Amino acid sequence: MISTFHIQIIAILLRIGFFLFGLYQDKYLPVKYTDIDYLVFSDAARFVYEGQSPYLRETYRYTPLLSWLLVPNSWGEYWYSFGKILFMISDLVTGLFIVKLLPRNISKNKMLVLSSIWLLNPMVITISTRGSSESVLTVMIMASIYFLLRRDSIFLSAVWLGLAIHFKLYPIIYLPSILLYLSNKGKPLVNIPLVKLVNMKSITYLFFTVVTVAALNGLFYIHYGYEFLYHSYLYHFIRLDHRHNFSVYNVCLYYKSALAENVSNIESFAFIPQFLISTIAIPLVFAKKDLISGFFLQTLAFVTFNKVMTSQYFIWYLIFLPYFLSRTNLASKKHARKGIFILLLWIVSQGSWLYFAFQLEFLGKNTFDSGLLYSSIFFFLSNCWIISQFVDSICT
Amino acid sequence: MFRQRTTIFNPLSTHDNVVQKADQAEFAVQPAENSFFLVENKYTVSQSSAFSKFDLVKQLRIQSSDNSFPEDRVFNYRLSEGVNVYVTPQHVKTDEDKQEFFGQVRSLLNKLLDIEVNKENWTKSVNALHFHSAERPRLDVSILNLEKSSELKDSINFDLSYNSGSGVVFKQLYSVDSPLSIRKQNGLYKEIGLFLVDEQISSKDDVVLSGLRVVFGDDQEEENVFKTLFHTKPRHRYIDTGIDSHIEENGLHPLLHTSFAQEVTPPEDSDVQECNLYYYVSLNKSLIFDEFQSIPNGAKLVVNQGSRDLELPEYKVGEWGNEVLFEFANFSAPSIDFPLHSRYQKPSNETDSTEIYNSLPLIFYGCSVRDDYLLDKSPFDTKQTIGGNYESYFTNDTVFYHFTHNSGSSVVVNVPHGTSDFDSVNTITTIAVVIGSAIILFSLLKASFRSSTLSEKKKQ
């Protein structure tokens with residue numbers, strides 16, 4: 001009989017296999033396996049190793065914490081792969097958290113299938129073995145949820161969430177959900193409508209999250225000054241991502257970037273639907289009902305409405321997918337057709353965009369107007385419809 | 001007033017039947033059948049009123065080349081094809097002075113070359129600011145007041161040096177395959193040389209030029225034609241191995257491929273001490289050089305001047321582009337691949353791609369030599385404190401052994417761009433976002449309504 005332990009062993013072996021193949025591909029094949037971002041992290045870590053700022057590396061737009069973590073990459077020879085191994089371990093630990101957070105009442109077979117969605121997922125394995133740091137973030141997020149839901153530790157959960165927010169800002173969208181969730185878990189401080197949602201637990205949670213974020217940001221601000229704030233945070237608000245990516249706003253951003261004057265357009269207000277849906281509406285409906293499914297929908301909506309979207313962002317919501325599938329009726333036999341249709345729609349709409357992106361990127365064909373624009377809209381609307389179906393599937 | 005020195009280089013091994021006339025008033029020469037002369041006019045203007053308005057400009061050097069004289073063994077116009085401008089300021093202390101300086105330079109280049117070069121377009125080079133364009137703007141020589149010279153041509157190959165202390169030196173190179181006559185002109189000092197390389201006693205490190213020197217001037221002596229023979233130790237030397245460069249298209253990631261016609265080995269002339277192979281290229285700002293990932297195999301990056309931004313579209317980059325120099329130790333490969341990335345181009349509904357012209361790379365051995373003090377004794381030496389592209393990055397004891405491109409003068413990269421307009425794209429995107437938001441909000445409202453109905457039922 002296969003158990004989750006066996007799945008974990010296979011997951012480790014698969015990661016080692018992918019990692020070794022990556023080393024081979026990098027050495028012998030013209031197209032390299034290692035992600036460009038890994039080179040950026042490694043260069044930034046080298047600057048840190050030499051006592052300099054990681055921001056000397058062009059396009060390093062992350063917390064210095066990441067470059068500090070990867071300093072061993074600069075110790076020479078085999079140490080260069082240290083970061084990849086760290087990402088692979090983080091990716092496995094994320095998988096363990098996913099398993100721990102699955103409902104306890106599901107069948108063993110379902111448990112195996114759901115844990116495999118992350119642990120044996122070639123996309124997940126490829127992303128971490130190519131050297132993307134997303135798995136470090138996913139460990140932080142999942143640890144935060146684990147300590148909140150399985151250990152009832154407000155302090156540890158808040159610290160992990162604070163760390164995650166420092167690491168990549170977007171996990172801040174989980175805070176309203178958690179505070180709403182906690183509003184049921186303690187005695188209200190004041191019995192006035194709305195204000196009665198506040199209790200000692202939610203205040204404590206908010207306090208430790210804010211303190212963790214502030215402490216880390218303060219530390220790095222003292223160390224690196226304004227360039228830390230600019231590259232880690234401010235840049236992401238002012239950037240004009242004109243280079244093609246999945247986002248529905250992308251082609252519009254390209255055209256906007258070419259205008260002589262700065263004009264207000266739909267992209268200027270992109271944060272409104274994104275904020276309204278992922279940070280207010282979904283938490284209001286799901287925080288008390290099903291926190292982790294709510295996280296899944298929040299993240300999926302956040303990524304769908306984001307001004308930048310690459311395939312690495314899919315990892316952000318994939319960590320919640322196994323749990324969500326344990327709760328949705330789309331995984332049941334009765335609704336299996338719909339579930340398969342949703343999966344196919346996601347794949348086909350994404351594939352249509354990839355087709356036009358390939359034409360542009362590697363064949364040099366102009367696909368901005370008829371290809372990328374409409375395929376990104378197709379992908380966006382597909383995602384929106386899929387979110388609506390997911391909402392329905394949890395609530396019926 | 002100015003002085004003129006015209007050097008006529010005869011590429012053949014004899015001057016027989018070349019000189020048609022050489023007297024007090026005229027020097028006439030005719031190239032042999034199917035042959036030609038390379039002619040360099042050098043004008044020295046001690047005081048030029050044309051530059052007096054530009055008092056914040058200390059030095060200016062404009063070098064333009066189309067690299068069309070591979071046979072040139074005497075003059076050196078081997079530069080990134082197009083125009084190269086170098087400038088240094090003087091008396092610039094405040095920010096206002098700086099603005100004024102860049103304003104003066106813009107105005108000066110506008111007059112001379114009819115181009116607009118703004119403050120943000122410059123990059124740094126050794127001792128000077130640098131601007132390059134692969135296009136070939138024509139120099140308006142009228143500003144130099146040299147029109148009195150009958151030999152003055154409209155040539156694409158020129159080298160103009162201005163120094164606020166010493167005036168202007170203007171050199172131009174061109175070829176002629178028809179008879180050439182230079183006459184005495186009153187009020188103008190002309191020195192004309194006709195030379196060929198005496199192959200029997202020349203080597204690459206010691207080029208012996210023999211021929212005639214003719215002087216025309218107001219106080220010229222009765223004897224104005226002199227036989228001449230002199231040695232030069234050239235800074236620029238040539239390797240017979242041809243090279244070919246072209247772009248291998250790969251969408252937004254073109255590859256600049258250069259192959260050598262045969263195996264390359266370092267020069268072994270008697271004065272040579274140590275050599276390395278170098279690869280110099282002036283990159284158009286539409287092309288991105290990623291210094292972290294795109295260094296050719298076996299190379300070390302020596303110089304990367306210009307924009308370091310790896311993401312900006314072409315229309316957001318101020319600098320003209322990048323000046324890149326690689327060094328190869330113990331080079332033995334048959335080719336060099338330089339991976340590039342193209343920047344996004346401005347949308348336009350006229351075409352669906354932009355043609356980017358880029359100068360060919362200059363590939364050479366840089367060698368340290370003995371008796372380097374002889375290098376700048378050559379009347380044809382080009383090394384100055386500013387300018388010369390790659391020249392300025394090397395010490396004075398360096399000589400350059402150039403590989404010559406077999407064909408072509410530049411490479412072309414096609415970069416696709418959008419052909420629609422902002423308003424229509426914005427409208428389409430807005431409609432999509434509104435529909436998408438409505439789909440989700442409607443489902444959430446429905447879910448919320450269903451939940452409250454359910455909880456009410458439970459209460460009942």
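Residues numbered from 1 in each chain as written. Chains lettered and ligands numbered in written order. Predicted model: local features only at pLDDT ≥ 70, side-chain atom pairs only at ≥ 80, totals over all residues. Heavy atoms only, no water.

- Going by an unreviewed UniProt entry, chain B carries the name Protein PBN1 and comes from Scheffersomyces stipitis.
- UniProt's Function (unreviewed entry) comment on chain B is quoted here verbatim: "Required for proper folding and/or the stability of a subset of proteins in the endoplasmic reticulum. Component of glycosylphosphatidylinositol-mannosyltransferase 1 which transfers the first of the 4 mannoses in the GPI-anchor precursors during GPI-anchor biosynthesis. Probably acts by stabilizing the mannosyltransferase GPI14."
- UniProt lists a comment for chain B under the heading Pathway (unreviewed entry), and it reads "Glycolipid biosynthesis; glycosylphosphatidylinositol-anchor biosynthesis." (UniProt positions renumbered as here; feature names shortened; annotations may be inferred.)

- Chain A is annotated in an unreviewed UniProt entry as GPI mannosyltransferase 1 of Scheffersomyces stipitis.
- What UniProt records for chain A under Subcellular location (unreviewed entry) is the sentence "Endoplasmic reticulum membrane".

**Topic: helix H17 (residues 336-363) of chain A**
Residues and elements named next belong to chain A.
So, step 1. Taking 1.5 Å of rise per residue, the 28 residues of H17 would be expected to cover 40 Å, and the 39 Å separating its terminal C-alpha atoms lies within 8% of that figure.
So, step 2. Taken together, the buried positions of H17 are Gly-339, Ile-342, Leu-345, Ser-349, Gln-350, Ser-352, Trp-353, Ala-357, Gln-359, Leu-360 and Glu-361.
So, step 3. Backbone geometry just downstream of H17 places Gly-364 in the positive-phi region, at approximately 70°. (Helix = DSSP H or I, 4+ residues; strand = E, 2+ residues; numbered from the N terminus. Expected span 1.5 Å × (residues − 1). Buried < 20%, exposed > 50% of the residue type's maximum accessible area, 1.4 Å probe, protein only.)

**Here's the deal with empty space enclosed by the protein**
All names here are of chain B.
So, step 1. The tally for this structure, following the rule as stated, stands at four cavities of 30 Å³ or more.
So, step 2. As a volume, the largest cavity reaches approximately 120 Å³.
So, step 3. Val-74, Pro-234, Arg-235, Ser-378 and Phe-380 are, among the 15 residues lining the largest cavity, the residues nearest its centre.
So, step 4. Looking at the lining of the largest cavity, the elements with two or more residues in it are strand E13 (207-216) and strand E15 (236-248).
So, step 5. By residue class, the composition of the lining of the largest cavity is seven nonpolar, five polar and three charged. (1 Å grid on protein atoms, 1.4 Å probe; cavity = no way out; pocket = protein on both sides within 12 Å on 5 of 7 lines; lining within 4 Å. Points joined across faces, edges and corners; volume = space filled by probe spheres on them. Nonpolar A, V, L, I, M, F, W, Y, C, P; charged D, E, K, R; others polar.)

**What about the interface of chain A and chain B?**
So, step 1. Every contact between the two is made by 55 residues of chain A and, on the other side, 50 residues of chain B.
So, step 2. Each partner contributes to the roughly 4,400 Å² buried at the junction of chain A and chain B, and carbon and sulfur atoms together form 68% of this total.
So, step 3. At the junction of chain A and chain B, the tally comes to three salt bridges.
So, step 4. Between Arg-450 of chain B and Asp-392 of chain A there is a salt bridge; the shortest N-O distance is 3.8 Å.
So, step 5. The interface formed by chain A and chain B contains 16 residue pairs in polar contact (both at pLDDT 80 or more). (Contact = heavy atoms within 4.5 Å. Buried area = accessible area lost by both parts, 1.4 Å probe. Salt bridge = Lys/Arg side-chain N within 4 Å of Asp/Glu carboxyl O. Polar contact = N/O pair within 3.5 Å; in protein donor to acceptor, adjacent residues only side chain to side chain.)

**Quick look at the UniProt feature "transmembrane region" (unreviewed entry) in chain A**
So, step 1. The UniProt feature table records "transmembrane region" (unreviewed entry) at residues 7-24, 78-99, 111-133, 153-182, 203-224, 269-287, 339-360 and 372-391 of chain A.
So, step 2. Strand forms 0% of residues 203-224 of chain A and helix 100%; the C-alpha atoms that close the span are 31 Å apart.

**Quick look at the state of the cysteines**
So, step 1. The tally for this structure, following the rule as stated, stands at one disulfide over all chains.
So, step 2. Two residues, Cys-275 of chain B and Cys-367 of chain B, share a disulfide whose sulfurs are 2.1 Å apart. For the disulfide bridge between Cys-275 of chain B and Cys-367 of chain B, the dihedral angle about the S-S bond is near 110°, and by the sign convention the bridge is right-handed. Residue Cys-275 of chain B is found in strand E17 (residues 272-284), and its partner Cys-367 of chain B is found in strand E24 (residues 362-369); the two are separated by 92 residues along the sequence.
So, step 3. No disulfide involves Cys-252 of chain A; its nearest neighbouring cysteine sulfur is the one of Cys-384 of chain A, lying 16 Å away.
So, step 4. A relative accessible area of 0% places Cys-384 of chain A in the buried class. (Disulfide = S-S within 2.5 Å.)

**So, the pairing of E13 of chain B**
Residues and elements named next belong to chain B.
So, step 1. The buried fraction of E13 amounts to nine of the 10 residues, a majority that puts the element mostly inside the structure.
So, step 2. Bridging between strand E12 (residues 189-197) and E13 involves eight bridges; their strand directions are antiparallel. Of the residues in E13, the one forming a bridge with Lys-190 is Phe-216.
So, step 3. Where E13 meets strand E14 (residues 225-232), eight bridges bridge the pair, whose relative direction is antiparallel. Bridged to Arg-213 within E14 is Phe-226. (Pairing = 2+ DSSP bridges.)

**Some points on the domain arrangement of chain B**
Residue and element names in this part refer to chain B.
So, step 1. Along its sequence, chain B is carved into domain 1 (2-232) and domain 2 (238-416).
So, step 2. The gap between the C-alpha centroids of domain 1 and domain 2 is 25 Å.
So, step 3. With 42 residues of domain 1 in contact, the opposing surface of domain 2 contributes 38 residues.
So, step 4. Around 3,300 Å² of area is buried between domain 1 and domain 2 when both sides are counted, 50% of it from carbon and sulfur atoms.
So, step 5. Its largest share of buried area at the contact with domain 2, domain 1 owes to Arg-61, Arg-78 and Lys-204, together 19% of the area lost on that side.
So, step 6. At the junction of domain 1 with domain 2, the criterion picks out zero salt bridges.
So, step 7. For the interface between domain 1 and domain 2, the tally reads 22 residue pairs in polar contact (both at pLDDT 80 or more).
So, step 8. Looking at the side of domain 1 that touches domain 2, the elements with two or more residues in it are strand E1 (2-9), strand E5 (57-65), strand E6 (82-89), strand E7 (123-125), strand E8 (128-133) and E14. (Domains from an automatic or database assignment.)

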